[in-house]
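Observations on the three-dimensional arrangement
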Amino acid sequence: MKKAGNTLSSFNLSGKLSKIKLEKHKIKYIKLATEQNKVWIKVSKKLRKQISQLPLECQLEVAGKLKQYPKTGKVKYKAQTITLVPQNLEQSAQIKTKQVSLLPIFDTKTKSKAKVLICQKSNCWKKGGQQVYEKLESVLSDRNLSEQISIRKTGCLNKCKKAPNLVMLPDKAHYTKVKPQQVDDLVDKHLIAEA
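Basis of the calculations
Residues numbered from 1 in each chain as written. Predicted model: local features only at pLDDT ≥ 70, side-chain atom pairs only at ≥ 80, totals over all residues. Heavy atoms only, no water. Helix = DSSP H or I, 4+ residues; strand = E, 2+ residues; numbered from the N terminus. Buried < 20%, exposed > 50% of the residue type's maximum accessible area, 1.4 Å probe, protein only. Contact = heavy atoms within 4.5 Å. Areas by Shrake-Rupley, 256 points an atom, 1.4 Å probe, with all protein chains shown as cover. Axes fitted to C-alpha atoms, helices over the stretch in contact; angles between N-to-C directions. Parallel < 35°, antiparallel > 145°, perpendicular 65-115°, else oblique. Left-handed = near helix turned anticlockwise from the far one by under 90°. Nonpolar A, V, L, I, M, F, W, Y, C, P; charged D, E, K, R; others polar. Pairing = 2+ DSSP bridges. Patch = residues over 30% accessible without salt bridge, like charges linked within 9 Å, V, L, I, M, F, W, Y side chains within 5 Å. Salt bridge = Lys/Arg side-chain N within 4 Å of Asp/Glu carboxyl O. Lys, Arg positive; Asp, Glu negative; His and termini not counted. Charge placed at Lys NZ, Arg CZ, Asp CG, Glu CD. Right-handed = clockwise from strand over helix to strand, strands pointing away. Phe/Tyr/Trp six-rings, centres within 6.5 Å; stacked < 30°, edge-to-face > 60°. Lys NZ or Arg CZ within 6 Å of the ring centre and 35° of its normal.

Along its length, the protein carries four helices and nine strands. Counting over 195 residues, the protein shows a buried share of 34%. Put simply, of all contacts in the protein between residues at least 6 apart along the chain, 61% involve residues at least 24 apart. Here the protein displays about 12700 Å² of accessible surface, and carbon together with sulfur accounts for 49% of that area.

All right, on to the packing of helix α3 (residues 122-142) against helix α4 (residues 183-190) then. Their axes nearest at 9 Å, the elements α3 and α4 cross at an angle of 60°. In this view, α3 runs oblique relative to α4, as classed from their interaxial angle. Between α3 and α4 the crossing geometry is right-handed. Taken together, the residues of α4 that come into contact with α3 (itself represented by Val132, Lys135, Leu136, Val139 and Leu140) are Val183, Asp184 and Val187. Across the contact of α3 with α4, the residue classes tally to six nonpolar, no polar and two charged.

In terms of strand pairing, strand β4 (residues 59-68) meets strand β5 (residues 75-84) through nine bridges, oriented antiparallel. For Glu61, the partnering residue across the bridge sits in β5 and is Thr83. Where β4 hands over to β5, the hairpin turn is made up of six residues, of which Gly73 adopts a positive phi near 80°.

Considered for burial, the residues of α4 that qualify are Val183, Leu186, Val187, Asp188 and His190. Buried residues in α4 make contact with β2 (26-33), α3, β8 (166-169) and β9 (173-175).

Residues Lys42, Lys45, Lys67, Lys74, Lys76 and Lys78 make up a contiguous surface patch of positive charge. Relative to the helices and strands, Lys67 resides in strand β4.

Right, let's talk about the pairing of strand β6 (residues 115-119) for a bit. Burial analysis of β6 places four of its five residues in the buried class, the great majority of the element. The sheet contact formed by β6 and strand β7 (residues 150-154) spans five bridges and is parallel. Note that in β7 the partner of Ile118 across the bridge is Lys153. Each parallel crossover has a hand, and the one from β6 via α3 to β7 is right-handed. Alignment of β6 against β8, held across four bridges, turns out to be antiparallel.

This paragraph deals with the side chain of Ser18. Following the sequence through the fold, Ser18 ends up in strand β1 (residues 7-23). Residue classification places Ser18 among the buried positions, given a relative accessible area of 19%. Contacts of Ser18, omitting those with residues within four sequence positions, involve Lys31, Leu32, Ala33, Leu56 and Glu57.

Turning next to the packing of aromatic side chains. Across all of its chains, the model carries two aromatic pairs by this definition. Between the aromatic rings of Trp125 and Tyr133, the centroid separation amounts to 5.8 Å while the plane-to-plane angle is 50°, which identifies the pairing as tilted. A relative accessible area of 14% means that Tyr133 is categorised as buried. Sitting over the ring of Tyr133, Lys153 keeps its end group 4.7 Å from the ring centre.

A few words on unusual backbone geometry. With an omega of -5°, the peptide bond running from Ala163 to Pro164 counts as cis. By the element assignment, Pro164 lies in the loop between β7 and β8. Note that the residue after Leu169, namely Pro170, is joined by a cis bond; omega there is 15°. In this fold, Pro170 is placed in the loop between β8 and β9. Notably, Glu57 is not glycine yet its phi reads approximately 70°, a positive angle. Along the chain, Glu57 falls in the loop between α1 (48-52) and β4. Phi is positive for Asn158, which is not a glycine, with a value near 65°. You can see Asn158 is positioned in the loop between β7 and β8.

As structure tokens, this is what we get:
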């Protein structure tokens, strides 16, 4: 419900990506340095993955909705589209071939005895187990958790028709038909200790 007096309109800004703010290990805000000033912009859930692959200082065009509060003069921005603007052909080619993770290095507390068991039998492996394994390695590496959390390839987990299969320890949570895009949420849910 809209409060009386608040004005809602659209915005379109262009500038450099200068900072990223995380909440619970997920990208929530970006700081865009425009020619006039620096603006914090809330990132919608559907844009989070897109942002995590962009290098800092890249040129962006951001469009979305803004809400202005007349009593305080405060303005809140929420991005609906984010477009990368290549500076030149060389940079454009470089951005396409080299993806950089912007997830910062932070001290994350993992659950004690956190571990992932993943079936490596041919049925699981052929039905996407290898991609899930590679994504797990990538996520743990990006968060600097590779040394704290091990991924162990196992024998059959007895759910071959629902491949690929994995188990998240210490919660003993069994997952079937796992997709690589689910890995981030599974790591947050089962391996990271609540602060």
